[in-house]
Amino acid sequence: MGSNGKLHVPDNPTIPFIEGDGIGPDIWKASVRVFDAAVKKAYNNKRKIEWMEVLAGEKAFNRDREYMPQATMDAFKKYLIAIKGPLTTPVGGGIRSLNVALRQELDLYVNLRPVRYFEGVPSPMWQPEKVNMTIFRENTEDIYAGIEFMTGTPEAKKLLHFLQNEMDVKNIRFPETSSFGIKPVSKEGSERLIRAAIRYAIANKLPSVTFVHKGNIMKFTEGAFKNWGYELAEKEFAGNVFTWNQWEKSKKENGEAVANEEMRIASIGGKIIIKDAIADNFLQQALLAPQNYSVIATLNLNGDYISDALAAQVGGIGIVPGANINFITGHAVFEATHGTAPRFANTNTMNPSSLILSGVMLFDYIGWRDVAELITNAIAKTIRNKTVTIDFYNLMKEATLVKTSEFADEVIKNL
């Protein structure tokens, strides 16, 4: 990462990878062949990725008796960019989730999920092609802070005593049997997430950024997230945005007709509309009018729900990619967004599209956009041709069923 905030990428970068647990090895073997073929086609051997395997999850535990070896974390820190398949969360105490451990240790404060429709993918939506959103989910605060105390423990009793006797809290309905969780939401954490979302919208000439929150109930956490977002947008991006706050102010001073005209002029002039939506209403509107939303900036728990709900609209998490990024240090881990599906391990049957499209995000991130475009178009063509794995085959008419490796073969043919 250069001092100018941009990555300096050599022609032969070393990129660590974790193949993952369960179906991870199958989908990685398929995906890496697509990656290498696309790089070769785009750059004719002038550029090449040096893939370096590092261990985590069950494979690491079986060898080293630990799920996340320090050597793996060190490699992720050193090489900045990495990609991984799905990992098993250890059962019992210790690490809550290997994915959470990575995000916390590397301060990967953005969980980035682009959600778009590929023609031919089975969808419950009437017009799934209208779904084209990119979710910026805050990745290090909110529920991911993991501050919880089980009912009956000394810690829970101590916190209850503090709340009732020091903070004069009266509305804990069943205090003696309550567990407690604390939800930290900071101004700094909110601002860096929202700043990244707005910069992304500007760079990609997208029409809007929507803050999705539950600030009508949680006024000092999620409500503050929304307010800090508006303040940041108007302060740091004044020449690039028009906010609902500005619309409200103009409405009071000049009337609704004038305010609407100002917003219309801002929109056609290329300014990004900054708006907000209550989380439950957003989930409704994402079904009724998805074309009204482009970039979504939201907190952790909301983002968790929204990511999977939007994924269902375009074919499920089997085809939606993901990344965890620190846009300041440059660290980024790209990942399949689905689980390990151990029942299908080593069957060579599962859809590798989530991991392949996460690779597309990786190539876009390092500036190899020719590769990203080649792979995206090839996947689109393969699906249009109805050459698909079992998940889509069961939902399509007159489709051709292929295995994981064969799907990769078809994508490579269509590059």
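Presented here is a report on the structure given in the accompanying data block. (Residues numbered from 1 in each chain as written. Predicted model: local features only at pLDDT ≥ 70, side-chain atom pairs only at ≥ 80, totals over all residues. Heavy atoms only, no water.)

The next thing to look at is helix α11 (residues 300-313). Between its first and last C-alpha, α11 extends 20 Å over 14 residues, near the 20 Å set by a 1.5 Å rise per residue. For α11, every residue scored as buried is listed here: Asn300, Asn302, Gly303, Ile306, Ser307, Leu310, Ala311 and Gln313. Buried residues along α11 cover an arc of 150° about the axis, so they all sit on one side. The elements touched by buried residues of α11 are β4 (110-116), β5 (132-138), β8 (208-213), α7 (222-236), α10 (279-288) and β11 (295-298). At the C-terminal side of α11, Gly315 shows a positive phi close to 120°. (Helix = DSSP H or I, 4+ residues; strand = E, 2+ residues; numbered from the N terminus. Expected span 1.5 Å × (residues − 1). Buried < 20%, exposed > 50% of the residue type's maximum accessible area, 1.4 Å probe, protein only. Arc of directions from axis to C-beta. Contact = heavy atoms within 4.5 Å.)

Moving on: the pairing of strand β1 (residues 14-18). Most of β1 sits out of view: 4 of its 5 residues are buried. Both β1 and strand β2 (residues 50-53) contribute to a ladder of 4 bridges, which runs parallel. Looking at β2, one finds that Thr14 is bridged to Glu50. Sheet topology note: the β1/strand β3 (residues 81-84) ladder contains 2 bridges and is parallel. Each bridged residue has a counterpart across the sheet, and for Phe17 the counterpart in β3 is Ile83. (Pairing = 2+ DSSP bridges.)

Moving on, we get to empty space enclosed by the protein. Going through the model one piece at a time under the given rule, you end up with 1 cavity of 30 Å³ or more. There is about 40 Å³ of room inside the largest cavity. Ile18, Glu19, Gly20, Asp21, Glu53, Val54, Leu55, Ala56 and Lys59 together form the lining of the largest cavity. (1 Å grid on protein atoms, 1.4 Å probe; cavity = no way out; pocket = protein on both sides within 12 Å on 5 of 7 lines; lining within 4 Å. Points joined across faces, edges and corners; volume = space filled by probe spheres on them.)

Turning to unusual backbone geometry, a few remarks are in order. One non-glycine residue, Asp142, adopts positive backbone phi at about 55°. Relative to the helices and strands, Asp142 resides in the loop between β5 and β6 (147-149). Take Asp142: its relative accessible area is 1%, and that puts it in the buried class. We note that Ala341 has phi near 40°; this positive angle belongs to a residue other than glycine. With respect to the element layout, Ala341 can be found in the loop between β13 (332-336) and α12 (353-365). For Ala341, a relative accessible area of 28% corresponds to the partly exposed category.

To continue, consider the packing of helix α6 (residues 187-203) against α7. At a closest axis distance of 9 Å, the pairing of α6 and α7 adopts a crossing angle of 55°. By the angle between their directions, the pair α6 and α7 is classed as oblique. The handedness of the crossing between α6 and α7 is right-handed. Judged by residue contacts, Lys187, Ser190, Glu191, Leu193, Ile194, Arg195 and Ile198 of α6 engage Phe225, Trp228, Gly229, Leu232, Ala233 and Glu236 from α7. The class makeup of the residues in the contact of α6 with α7 is 7 nonpolar, 2 polar and 4 charged. (Axes fitted to C-alpha atoms, helices over the stretch in contact; angles between N-to-C directions. Parallel < 35°, antiparallel > 145°, perpendicular 65-115°, else oblique. Left-handed = near helix turned anticlockwise from the far one by under 90°. Nonpolar A, V, L, I, M, F, W, Y, C, P; charged D, E, K, R; others polar.)

Quick look at the pattern of salt bridges now. By the definition in use, this model includes 19 salt bridges. A salt bridge links Asp11 to Arg47; the shortest N-O distance between them is 3.2 Å. Highlighted residues: Asp11 in the segment before β1 and Arg47 in the loop between α1 (24-43) and β2, separated in sequence by 36 residues. The class for Asp11 is partly exposed, based on a relative accessible area of 38%. Overall, the relative accessible area of 25% leaves Arg47 in the partly exposed class. Of the charged contacts, one joins Glu410 and Lys413 as a salt bridge, the two residues approaching to 3.3 Å between their closest N and O atoms. (Salt bridge = Lys/Arg side-chain N within 4 Å of Asp/Glu carboxyl O.)

Counting across every chain of the model gives 15 aromatic pairs. Residues Trp28 and Trp51 carry aromatic rings whose centres are separated by 5.4 Å and whose planes lie at 80° to one another, so their mutual orientation is edge-to-face. Of this pair, Trp28 sits in helix α1 while Trp51 sits in strand β2, and the two are 23 residues apart along the sequence. Note on Trp28: relative accessible area 5%, which makes it buried. Seen from their ring centres, Tyr43 and Trp368 are 5.5 Å apart, and the 75° between their planes marks the pair as edge-to-face. (Phe/Tyr/Trp six-rings, centres within 6.5 Å; stacked < 30°, edge-to-face > 60°.)

For the rest of this paragraph, the subject is the nonpolar core. Counting 95 residues, the largest nonpolar core has Ile198, Val209, Ile274, Phe282, Phe334, Phe363 and Ile375 as its most contacted members. Considering each element in turn, this core owes the most residues, 9 residues, to α1. The contacts of Phe334, once residues within four sequence positions are left out, are Ile81, Ala82, Ile83, Lys84, Gly322, Ala323, Ser358, Met361, Leu362 and Tyr365. Counting residues in hydrophobic clusters, the runner-up holds 14 residues, among them Ile18, Phe76, Ala82 and Val333. (Core = buried A, V, L, I, M, F, W, Y, C linked by side-chain atoms within 4.5 Å.)

Attention shifts here to the sheet that holds strand β12 (residues 321-325). Across the sheet, which stays open at both edges, the 11 strands sit in the order β2-β1-β3-β13-β12-β4-β5-β11-β8-β10-β9 with mixed pairing between neighbours. With one partner strand each, in any of the chains shown, β2 and β9 (241-243) form the two edges of the open sheet. Averaged over all neighbouring strand pairs, the angle between strand axes comes to 25°, with direction disregarded. Across the sheet, α1 touches β1, β2, β3 and β13, and the angle it forms with β2 is around 160°.

Attention now goes to the environment of Leu55. Secondary-structure assignment places Leu55 in the loop between β2 and α2 (58-64). Residue class for Leu55 comes out buried when judged on its relative accessible area of 13%. When the C-alpha positions of Leu55 and Lys84 are compared, they lie 9.9 Å apart, and in sequence the two are 29 residues distant. For Leu55, the contacting residues outside a window of four places in its chain are Ala60, Arg63, Pro69 and Thr72.

Limitation: the analysis is restricted to geometry and does not speak to function.
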